[in-house]
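# Observations on chain architecture
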Amino acid sequence: MIYSKCYKTILGDITFLSNDKYLLKLQFGNFPRETSSSSLILDNAYAQLNEYLIGRRKYFDIPFLIEGSSFQEKVLTELCKIPYGEVCSYKEIAKRINNEKAYRAIGLANNKNPLPIIIPCHRVIGSNGKLVGYAGGLHIKQFLLNLEQRFMKKYF
């Protein structure tokens, strides 16, 4: 069974999807579906997101499932290694996965990230230090980076 629930956050509406074992998707906006809206995974994901948004959580430990090509899985796994409050470039991610010329493909894999924020693609920036692309919009990407920087200074 697939579960879906929309939650109100300081970022606006966010819709989560899960099955009985894993969080499957996070979408910015309200995307009603004809599914059950009762799921412990959805409620836990929402609770963890709220903790993150108030600076009480630096990483997510909700079980999630990534479906995609082996390249996409490799990229998304690497994104999870970017520390809270830090950024790196698409080019750096390409080097980390031993595919230095794949930085454009890294961008495409980021674009297909089913769990933005939880898999922190907002921490990936252009080689020139500029913000580029984000599913929720660049204003949300900037907000998340600023939030992490603020709480890094406050608690570390």
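So, here's what we can say about the structure. This structure is a prediction, so every number in the text was calculated from the model and none was measured.

## With respect to the environment of I97
Examined against the element boundaries, I97 turns out to sit in the loop between α3 (90-96) and α4 (103-111). Setting aside residues up to four positions removed in sequence, I97 forms contacts with F71, K74, V75, E78 and I106.

## Let's talk about the packing of aromatic side chains
Counted according to the given criterion, the structure contains five aromatic pairs. With 4.1 Å between their ring centres and 10° between their planes, Y7 and Y46 make a pair best called stacked. With Y7 in strand β1 (residues 3-9) and Y46 in helix α1 (residues 40-53), this residue pair connects regions lying 39 residues apart in the sequence. What links up through ring pairs into an aromatic cluster is the set Y7, F16 and Y46. Between the NZ or CZ atom of K91 and the centre of the ring of Y103, over which it lies, the distance is 5.5 Å. Just above the ring of F151 sits the side chain of R150; from NZ or CZ to the centre is 4.7 Å.

## Observations concerning the side chain of S39
Structurally, S39 is set in the loop between β3 (23-28) and α1. One polar contact links S39 to S18, side chain to side chain, over a distance of 3.1 Å. Other than its neighbours up to four places away in sequence, S39 contacts Y3, S18 and N19.

## Here's the deal with helix α2 (residues 70-79)
Note that an α-helix has 3.6 residues per turn; residues three or four places apart therefore point the same way. The set of residues buried in α2 consists of Q72, V75, L76, E78 and L79. All buried residues of α2 lie within an arc of 155° about the axis, which places them on one face of the element.

## What about the pairing of strand β2 (residues 12-18)?
The side chains of a regular strand alternate, first on one face of the sheet and then on the other. Extensive coverage of β2 is indicated by the burial of five of its seven residues. Across seven bridges, the pairing between β1 and β2 is antiparallel. Within β2, the position partnered with Y7 by the bridge is I14. Between the end of β1 and the start of β2, which pair antiparallel, lie two residues. Examined bridge by bridge, β2 and β3 share five bridges and lie antiparallel to one another. The residue bridging L17 from the neighbouring strand is K25, located in β3.

## Focus: the pattern of salt bridges
Under the definition given, this model contains six salt bridges. One salt bridge in this structure joins D13 and K8, with 3.0 Å as the shortest N-O distance. Taking relative accessible area as the criterion, K8 reaches 60% and is therefore assigned exposed. Here K81 and E78 are joined by a salt bridge, their closest N and O atoms 3.5 Å apart.

Cut-offs and rules
- Residues numbered from 1 in each chain as written.
- Predicted model: local features only at pLDDT ≥ 70, side-chain atom pairs only at ≥ 80, totals over all residues.
- Heavy atoms only, no water.
- Helix = DSSP H or I, 4+ residues; strand = E, 2+ residues; numbered from the N terminus.
- Contact = heavy atoms within 4.5 Å.
- Phe/Tyr/Trp six-rings, centres within 6.5 Å; stacked < 30°, edge-to-face > 60°.
- Lys NZ or Arg CZ within 6 Å of the ring centre and 35° of its normal.
- Polar contact = N/O pair within 3.5 Å; in protein donor to acceptor, adjacent residues only side chain to side chain.
- Buried < 20%, exposed > 50% of the residue type's maximum accessible area, 1.4 Å probe, protein only.
- Arc of directions from axis to C-beta.
- Pairing = 2+ DSSP bridges.
- Salt bridge = Lys/Arg side-chain N within 4 Å of Asp/Glu carboxyl O.

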